[in-house]
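Structural features, examined
Take a look at the letters that make up each chain.
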Amino acid sequence: MLNEEQKKQVQYGCFLIIPLKYDPAAFDLVKLEKIGVYQSLTTMDLNENIKAMLERANEAAVGSCYKVACPHLAAGLCGTEVSMEAQRFLVTEEGRTYSFELAASYLYVFHTQVAFLCLSLSFAEMEALKAICNPGSAYSSAAFHWIGPSGEKHPFSVESWLTDFCTPLGLRKFFDGNSSFLLDSYAYIFAVVPERFDTLEEMQKITFNLHKMMPIDAPIEDMSEEDIRYVYAVKHQTFNTYRWGCCVASQTISYVVADEAMDFATERDTQADDGLPVVLLSLYEKYTCLRFTELITHLDKGQIKHLKNLMLKFQAFGTVAPANLSRWHNVKQIYAHLLEVNDIPAAIQDISSKLNILTEHQQEIERARSETVINIITIFGIVSILASVLSIVQILSGGDILIWASTILTTIMLILVTAAAVWSRRK
């Protein structure tokens, strides 16, 4: 159990994952590559075929990741006054002001017209994240300021800042309307502590508090949340202790990690390399289904086949079963819980059913159209036959013996050929 001195040493961080979308014609990959550095996955927590899904050189890749340095993230706010490492901010809500920092962040772009901006934040008080996100409410009264080199405070709007960053890249807020960028954000929270854990209950208590965006020692109990799952590291047999544990929920995932050196920067990079891709793979599947639902709503008749092909590729190559994700059982557990609490398998099945219904409806329309054309052709065929019969009658009525003989012989030959064909088919 952490003592009071150790609790004061705790450092908090968060990747605030903001869902975005784009239209292929508007997305500017060239501009993104100017401000972001492509990141290939190097983690050993994922199997090689899963890492290949985010390898842009791979033909079957589903997306790619770019690291965006702090100056490019905050340039629209602070101009050239941004530090290379981090930019300080203040957030004020209900009379209390908290400080936090923005560091180099990540932008994941997937081929299914969805993307995720993962803002890398750090703060000394866990309540800072609660003030930023305002969980449980669609509106926030929080006021934001960025801090200049001399300590001066400059007010700004988070919505305007994120809009100004995303728009030149062809990205926009996932859900249309007046809601905030942060309303549907997913919080990947982690805390670094100096002491390893003796029991699972300690980690469970701390990670649940992180999930609630409260200090790790706050007395919180809430039995109403049914979407909570816990996963832990394997106990170290020599030390007889645990190094990390996490709490998985539908809108947050919370890690507590023990590190005697309290090297927060290294731990943040580790979380970005090892843990963040697991969360992004699950969110990519969730928001792809939502994106397809939106595309279906505004679908033209000629686009059904194209969207059907996209969905088939997504189901065949873009989804990952927990059993295939990793060689480590606890990593597979985390991913499985993410799928479960977000009902992602049901969402994939739902979008597939919708596309099948639309496809069947389109086929019925095309079948009815074909039958109409066939009926018209049949009518013209009957008219043509009647006209031919009348022509033959006129010819025979005024014809000589040769015409009659040739007509009778031709008719007999046609009857014989037809009879032979019928007999051969029956045989």
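The preceding data block contains the structure.
In this report, we go over the structure that sits alongside the text. Just so it is clear, the model here is predicted, and its values are computed rather than measured.

1. Let's talk about the nonpolar core
Counting residues in hydrophobic clusters, the biggest one holds 62 residues, and the most contacted among them are L16 and L119. With six residues, the top contributor of residues to this core is strand β1 (residues 11-22). In contact with L16, other than residues within four places in its own chain, are L117, C118, L119, L121, L129, I132, C133, L182, S185, Y186 and A187. The next biggest cluster of nonpolar side chains, apart from the first, holds 57 residues, and it includes I17, V257, V279 and Y287.

2. A closer look at the environment of V231
By the secondary structure assignment, V231 is in strand β11 (residues 229-232). Sequence-wise, V231 and G245 are 14 residues apart; in three dimensions their C-alpha atoms are separated by 5.8 Å. Non-local contacts of V231, meaning those with residues more than four positions away in its chain, are made with W244, G245, C246, N330, Q333, I334 and H337.

3. Things to note about a nonpolar patch on the surface
On the surface, I408, L409, I412, M413, L416 and V417 cluster together into a nonpolar patch covering about 590 Å² of accessible area. Of note, I408 is situated in helix α13 (residues 401-426).

4. Some remarks on the pattern of salt bridges
Scanning all chains against the criterion turns up 10 salt bridges. For E294, the salt bridge is made with K21, and the minimal N-O distance between the two is 2.7 Å. Here E294 is found in helix α8 (residues 264-297), whereas its partner K21 is found in strand β1, with 273 residues between them in sequence. When sorted by exposure, E294 lands in the same class as K21, which is buried. Of the charged contacts in the structure, one is a salt bridge between R229 and E340, with a shortest N-O distance of 3.1 Å. Taken together, the positions of R229 in strand β11 and E340 in helix α11 (residues 329-341) put the pair 111 residues apart, joining distant regions of the chain. Among the charged side chains, a network of salt bridges with common partners joins K21, D23, R172, D176, R291 and E294.

5. Some words on α11
Taking 1.5 Å of rise per residue, the 13 residues of α11 would be expected to cover 18 Å, and the 18 Å separating its terminal C-alpha atoms lies within 8% of that figure. Turning to α11, its buried residues are N330, V331, I334, Y335, H337, L338, L339 and V341. With its phi angle positive at about 55 degrees, D343 sits one or two positions after the end of α11.

6. So, the side chain of T252
Relative to the helices and strands, T252 resides in strand β13 (residues 252-258). In this structure T252 comes out as buried when scored by relative accessible area, which is 4%. In this structure, T252 is in contact with Y186, A187, I189, H211, M213 and C247, ignoring residues within four places of it in sequence.

7. Re the side chain of Q113
You can see Q113 is positioned in the loop between β5 (96-110) and β6 (114-123). Apart from the residues lying within four places of it in its own chain, the contact partners of Q113 are L20, K21, Y22, D23, P24, R291 and L295.

8. Some remarks on unusual backbone geometry
With a phi angle near 50 degrees, E94 is a residue other than glycine that sits in the positive phi range. Examined against the element boundaries, E94 turns out to sit in the loop between β4 (86-93) and β5. Notably, Q113 is not glycine yet its phi reads approximately 70 degrees, a positive angle. A relative accessible area of 12% places Q113 in the buried class.

9. Observations regarding the packing of aromatic side chains
Taken as a whole and assessed by the stated rule, the structure comprises 25 aromatic pairs. The interplanar angle of 15 degrees and the centroid separation of 5.4 Å between the aromatic rings of F89 and F100 together place this pair among those described as stacked. On the criterion of sequence distance, the pair formed by F89 in strand β4 and F100 in strand β5 is long-range, its members being 11 residues apart. By the burial criterion, F89 is buried, and F100 matches it. Each ring, one from F110 and one from F116, has its centre 6.0 Å from the other, and the planes form 80 degrees; the classification is edge-to-face.

10. Some remarks on the packing of α8 against α11
With their axes 10 Å apart at the nearest point, α8 and α11 run at an angle of 25 degrees to one another. Taken together, the axes of α8 and α11 are roughly parallel relative to one another. Between α8 and α11 lies a crossing of right-handed hand. Two secondary-structure elements touch here, α8 through V278, V279, L281, S282 and E285 and α11 through V331, Y335, L338 and L339.

11. Thoughts on the environment of T92
Position of T92 among the secondary structure elements: in strand β4. Expressed as a C-alpha distance, the spacing of T92 and A143, which sit 51 residues apart in the sequence, is 5.1 Å. Excluding anything up to four places from it in sequence, T92 contacts T97, S141, A142 and A143. Reaching out from T92, the side chain makes a polar contact with the side chain of T97 at a distance of 2.9 Å.

12. Comments concerning helix α7 (residues 200-211)
Relative to the 16 Å expected for 12 residues at 1.5 Å per residue, α7 spans 16 Å between its end C-alpha atoms, a close match to the ideal helical length. Taken residue by residue, α7 has E202, M203, I206, T207, F208, N209, L210 and H211 as its buried positions. Each element contacted by the buried residues of α7 is listed here: β1, β10 (186-193), β11, β12 (244-248) and β13. Just beyond α7, the residue with positive phi is M213, at close to 60 degrees.

13. Overview of the pairing of β13
The element β13 is largely enclosed, with a buried count of seven among its seven residues. What you see with β13 is no split at all: T252, S254, V256 and A258 on one side and I253, Y255 and V257 on the other are buried throughout. Examined bridge by bridge, β12 and β13 share five bridges and lie antiparallel to one another. Of the residues in β13, the one forming a bridge with G245 is V256.

The rules we used
Residues numbered from 1 in each chain as written. Predicted model: local features only at pLDDT ≥ 70, side-chain atom pairs only at ≥ 80, totals over all residues. Heavy atoms only, no water. Core = buried A, V, L, I, M, F, W, Y, C linked by side-chain atoms within 4.5 Å. Buried < 20%, exposed > 50% of the residue type's maximum accessible area, 1.4 Å probe, protein only. Helix = DSSP H or I, 4+ residues; strand = E, 2+ residues; numbered from the N terminus. Contact = heavy atoms within 4.5 Å. Patch = residues over 30% accessible without salt bridge, like charges linked within 9 Å, V, L, I, M, F, W, Y side chains within 5 Å. Areas by Shrake-Rupley, 256 points an atom, 1.4 Å probe, with all protein chains shown as cover. Salt bridge = Lys/Arg side-chain N within 4 Å of Asp/Glu carboxyl O. Expected span 1.5 Å × (residues − 1). Phe/Tyr/Trp six-rings, centres within 6.5 Å; stacked < 30°, edge-to-face > 60°. Axes fitted to C-alpha atoms, helices over the stretch in contact; angles between N-to-C directions. Parallel < 35°, antiparallel > 145°, perpendicular 65-115°, else oblique. Left-handed = near helix turned anticlockwise from the far one by under 90°. Polar contact = N/O pair within 3.5 Å; in protein donor to acceptor, adjacent residues only side chain to side chain. Pairing = 2+ DSSP bridges.

Without other data, these values stay purely geometric and don't point to any function.
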